[in-house]
Amino acid sequence: MPTPFDLRGKKALVTGASRGIGRAIALELARAGAEPVLLARGAEALEKLAAEITGLGVRALPLPTDVTDPAQVDRAVGTALAEFGDLDIVVNNAGGTGAFGSFLTLPHSAWEQAMRLNLESALHVCRAAGPHLLERRGGSVINVASFAGQGGLPLLSPYAAAKAALISVTRSLAAEWAGQGVRVNALVPGWIETDLTAPLSGDPATSASLLEAVPAGRWGRPEEVAGAAVYLASDAARLVTGACLALDGGMSVLSGGPATLKFLNATRA
Ligand SMILES: NC(=O)c1ccc[n+]([C@@H]2O[C@H](COP(=O)([O-])OP(=O)(O)OC[C@H]3O[C@@H](n4cnc5c(N)ncnc54)[C@H](OP(=O)(O)O)[C@@H]3O)[C@@H](O)[C@H]2O)c1
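Residues numbered from 1 in each chain as written. Predicted model: local features only at pLDDT ≥ 70, side-chain atom pairs only at ≥ 80, totals over all residues. Heavy atoms only, no water.

Chemist: I keep staring at the pattern of salt bridges and nothing clicks. Help me out?
Modeler: One pass over the structure, following the stated rule, counts 10 salt bridges. R31 serves as the salt-bridge partner of E28, at 3.0 Å between the closest nitrogen and oxygen. Of the two residues, E28 and R31 are both situated in helix α1 (residues 20-31); the distance of 3 residues between them amounts to about one turn of the helix. In this structure E28 comes out as partly exposed when scored by relative accessible area, which is 23%. Assessed through its relative accessible area of 51%, R31 is described here as exposed. The partner of E224 in a salt bridge is R221, with the nearest N and O atoms 3.4 Å apart. Under the relative-accessibility criterion, R221 is labelled partly exposed at 41%. Each of R218, R221, E223 and E224 takes part in a single network of salt bridges with overlapping partners. (Salt bridge = Lys/Arg side-chain N within 4 Å of Asp/Glu carboxyl O. Helix = DSSP H or I, 4+ residues; strand = E, 2+ residues; numbered from the N terminus. Buried < 20%, exposed > 50% of the residue type's maximum accessible area, 1.4 Å probe, protein only.)

Chemist: Looking at this model, I keep getting lost on helix α8 (residues 222-233). Mind explaining?
Modeler: One full turn of an α-helix is made of 3.6 residues, so residues set three or four places apart face in the same direction. The end-to-end C-alpha distance of α8, which contains 12 residues, comes to 17 Å, matching closely the 16 Å that a straight helix rising 1.5 Å per residue would cover. Taken together, the buried positions of α8 are P222, V225, A226, A228, A229, V230, L232 and A233. The secondary structure elements touched by the buried residues of α8 are α1, β4 (89-92), β5 (139-144), β6 (182-189) and β7 (244-247). (Expected span 1.5 Å × (residues − 1). Contact = heavy atoms within 4.5 Å.)

Structure follows, in structure tokens:
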């Protein structure tokens with residue numbers, strides 16, 4: 001008896017699938033039965049993942065693509081539709097922090113790069129796949145935003161602004177497309193251990209100081225984000241659109257930040 005979380009028969013497109021959170025999302029969608037189309041620039045990593053997914057008894061299609069290039073995105077979505085016939089799930093996960101520095105030291109090109117990778121790539125994918133989803137009157141778009149997009153992030157202002165814009169686009173598209181049965185939601189991860197954050201999680205002093213703001217007191221794992229993607233992709237979430245689901249061990253709900261946690265721990269001591 002299938003559960004509402006069952007994704008068998010559904011086709012998914014996942015960007016940034018070669019490693020980290022995107023890889024975990026593609027694998028978890030496949031474990032739930034969906035057939036994923038895998039996008040990233042790294043062809044070898046995509047081929048390896050596709051072989052792993054095929055081993056689960058599920059078809060997977062690796063398509064090396066730079067998602068900042070609209071022509072490449074159009075081509076990839078066209079190939080996905082030609083090979084798989086349909087698309088039901090679109091995960092805009094490709095992203096990265098880019099240049100790190102104070103506002104006055106960052107060149108404007110850092111802003112352009114952050115916007116291209118974290119915001120415009122998702123716009124290209126939504127423009128390419130949106131007409132198909134709307135025509136079928138069904139589908140789930142999942143944008144991977146960041147806690148950085150829900151406030152300010154010193155030294156990474158372009159990244160924070162791009163993710164804030166992605167959250168805003170998620171809400172606008174959710175409202176625009178809800179009447180045609182297409183849902184648009186965002187995952188909002190906190191600190192997750194991946195290659196992107198390895199320089200932070202790998203340094204004990206930095207890691208400890210970042211975790212002072214996390215009530216759960218630990219780094220998240222990519223699989224812990226992926227489970228939420230399966231939920232949002234599935235019929236279990238058929239009334240959910242425009243939601244921004246935090247996966248951050250409580251970081252975003254803590255008023256007062258690390259000082260509050262220190263106080264809490266002191267009262268327990
Ligand atoms: N890790 C965290 O703590 C954290 C927290 C909040 C939000 N996030 C967000 O979660 C998403 C995944 O992050 P992650 O930590 O898994 O990062 P990651 O390990 O660095 O992986 C990034 C993925 O994006 C792909 N990518 C980068 N540029 C691309 C391009 N131009 N075209 C196509 N694919 C591209 C990379 O593949 P190739 O290099 O092979 O192209 C890779 O698969 C990002 O949007 C990130 O902003 C992460």
